[in-house]
Amino acid sequence: MRGQQTKRLVLSLSIIMLLTILSACSGGNSGEGSNKGSNTSPNVSAEDPGADNSGTETADGNQDVEELTLFINHSWYPIKEWKGSVADKITEKTGVKLKVTVATDDKQLPLMIASGDLPDLIFTASDIDRLSNSNISYPWNELVEKYAPNFEIDPTRIAINTMEDGNFYTIRNAFATEQEWETNKFALGNDGNPGIAVREDIMNELGNPELKTLDDFVKLLGMVKEKHPELVPLVMDKNWIESYFMTQFGIEAGFGSWYENEGKAEYYLKHPKMLEFFKFMNSLYRNGFILAENFAHANDQIDDEYAVSGKAFAHSHTVSVAERDNISTKQNGAAYTFKMIPSSLSEEAVRVNTGVGWSGTFITKNNKNPEKSIKLLQFLASDEGKKLTMFGIEGEHWTWNEEGYPNLNYNTADSDFVNSNGIKWWFLYSDAIVEGLWGYVPGTQTTQALLETKAITTYKPEVGMIQVKADSEEKTIKTKIDEMVTNEKVKIYLAKSEEEAVQSYETMMKNAEKIGLQKLDAWANKTFEEKQSLFK
């Protein structure tokens, strides 16, 4: 009897072992596994009793954190690692952390594209058309349909990012419609607007002369040169030499851009006020208000050193230049401070926002987890994600003011604090409104400068849709013209007389015509006509 019981026990154990083996085999045979479409890793079943489920669960139910590689195609980018409170919170919410590489120069990405050696994600403002290729990147519309059907993107953003094949491969950040701007009065744009700061102690010494016109500012520089010959009257950031003064002359485009002239698109060189602008810049040099070496600065920190070390009176950069300089001068123990001059010193002053977005994130075909990638972007595109990215952690870094803007618990000009916490810089998907709200800090000089700038701003995104394609004839022409202008404009600025400046300007324009300026504008007009319908 005891032997029969023993046999039955052995048989039962054998059956249990066999069923266990068969169950394990059936669970591991499928290439996609039984977890397809779930939030768990495809390699680990959440229901497998043998699986390691000890990982921290994220807000969306993920057990495992996926590390994806991100290439940031901006060599100047201040953030080099996925760290800080904002990055940690994004990982907590999405189950994604990023291994970051920042470009060394503008040639790196084209070489990567040519070789096919691409990371999981690319964040870039250039080579948009190269990356918008189904052989290189996943179309967002396909990933949204498959993995994130609740990811809602407004039709205008889809339209301006849709390529000729009918797909959109990214949604660029920093865009807002004119209606969005108008209905968000506290959204003031961002630091990408020009400004000039001057030393307050010297202004007081000179009796705080009136500053209502461009002539007033020039007279002020002359007073500084006479009273303080040891100072450079005006030092300019190498990347912001022209913007402030082009605004005052009513020039509606920056270098390398188009503007609308009576319903036609024209390259900025053709603007009727360009010669007047160049003559003005030359007069600043001939009067000794700016230095010749300012046009040959090796980096964009040299002008900061002039300003904060007491070697310059006025500092031309962006709308936050005064507050940034004041942080540095305080750290250096200097007794003086800077204040902004008005954003508008002319009745003609104008800023034209032609933005259709700045940088976009691409999900490459090398991406190891397209599902988590598109869901990461979906989170960043949400109201929660945009505010986390731009403002920081709610309750710790900011609280919401019932009037409709964030009360920030930090100084946005304090780059050490902002960068160390990862605030602002992970805007892989964002929009101009939330970015603009970050700039609204009542009582600050930056906010006042942005308010003044918004008052003279008009919106023409259809002009921003004029973008040459890589490897096209138009791209070649534009590149040659821009390179020629980079070399020739300095000759105009540093001319020994106004007559010589005018002659150099005329030579530059003739060279542009020889390269193909008329052909470039003809193409631009055709593109402009096609794109205008997107904004009607």
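Residues numbered from 1 in each chain as written. Predicted model: local features only at pLDDT ≥ 70, side-chain atom pairs only at ≥ 80, totals over all residues. Heavy atoms only, no water.

Asker: Just give me the short version of the side chain of Ser373, but keep the residues and values in it.
Answerer: Among the structural elements, Ser373 can be located in helix H14 (residues 370–381). Within the local environment of Ser373, its side chain forms a polar contact with the side chain of Asn367, the two groups lying 2.9 Å apart. Those residues in contact with Ser373, other than ones at most four positions away along the chain, are Leu68, Leu121, Ile363 and Asn367. (Helix = DSSP H or I, 4+ residues; strand = E, 2+ residues; numbered from the N terminus. Polar contact = N/O pair within 3.5 Å; in protein donor to acceptor, adjacent residues only side chain to side chain. Contact = heavy atoms within 4.5 Å.)

Asker: Could you give an account of the packing of helix H2 (residues 85–94) against H14, with specific residues and numbers?
Answerer: Running from N to C, H2 and H14 cross one another at 120°; their axes reach a closest spacing of 10 Å. The orientation of H2 relative to H14 falls into the category oblique. Classified by chirality, the crossing of H14 by H2 is right-handed. For the pair formed by H2 and H14, the contact residues are Ile90, Lys93 and Thr94 on the first element and Leu376, Phe379 and Leu380 on the second. Class assignment of the residues belonging to the contact of H2 with H14 gives a composition of four nonpolar, one polar and one charged. (Axes fitted to C-alpha atoms, helices over the stretch in contact; angles between N-to-C directions. Parallel < 35°, antiparallel > 145°, perpendicular 65-115°, else oblique. Left-handed = near helix turned anticlockwise from the far one by under 90°. Nonpolar A, V, L, I, M, F, W, Y, C, P; charged D, E, K, R; others polar.)

Asker: Go over the sheet that holds strand S1 (residues 66–72), please, and point to the residues and values.
Answerer: An order of S2-S1-S3-S11 is seen for the four strands of this open sheet, with the pairing classed as mixed. The strands lining the two open edges of the sheet, one partner per strand, are strand S2 (96–102) and strand S11 (360–363). Taken over all neighbouring pairs, the strand axes of this sheet differ in orientation by 25° on average, direction set aside. Inspection of the sheet shows S1 paired to strand S3 (residues 121–124) by three bridges, in the parallel sense. Bridge pairing in S3 links Ile72 to Phe123. Across the sheet, H14 is in contact with S1, S2, S3 and S11; its angle to S11 comes to roughly 165°. (Pairing = 2+ DSSP bridges.)

Asker: Break down helix H15 (residues 383–391) for me, with residues and values.
Answerer: Of all nine residues in H15, seven are buried; the element is thus mostly enclosed. Buried residues of H15: Gly385, Lys386, Lys387, Leu388, Thr389, Met390 and Phe391, and no others. In this fold, the buried residues of H15 make contact with H2, H14, strand S12 (398–401), strand S13 (405–408) and helix H17 (432–438). Gly392 occupies a position one or two residues after H15 and carries a positive phi of about 110°. (Buried < 20%, exposed > 50% of the residue type's maximum accessible area, 1.4 Å probe, protein only.)

Asker: Outline the environment of Tyr268, supporting the account with residue identities and numerical values.
Answerer: Here Tyr268 lies in the loop between strand S7 (264–267) and helix H11 (274–286). Overall, the relative accessible area of 1% leaves Tyr268 in the buried class. Taking the C-alpha atoms as reference points, Tyr268 and Glu252, separated by 16 residues in sequence, lie 8.0 Å from one another. Non-local contacts of Tyr268, meaning those with residues more than four positions away in its chain, are made with Ala253, Gly254, Phe255, Gly256, Ser257, Tyr259, Met274, Asp482 and Val485.

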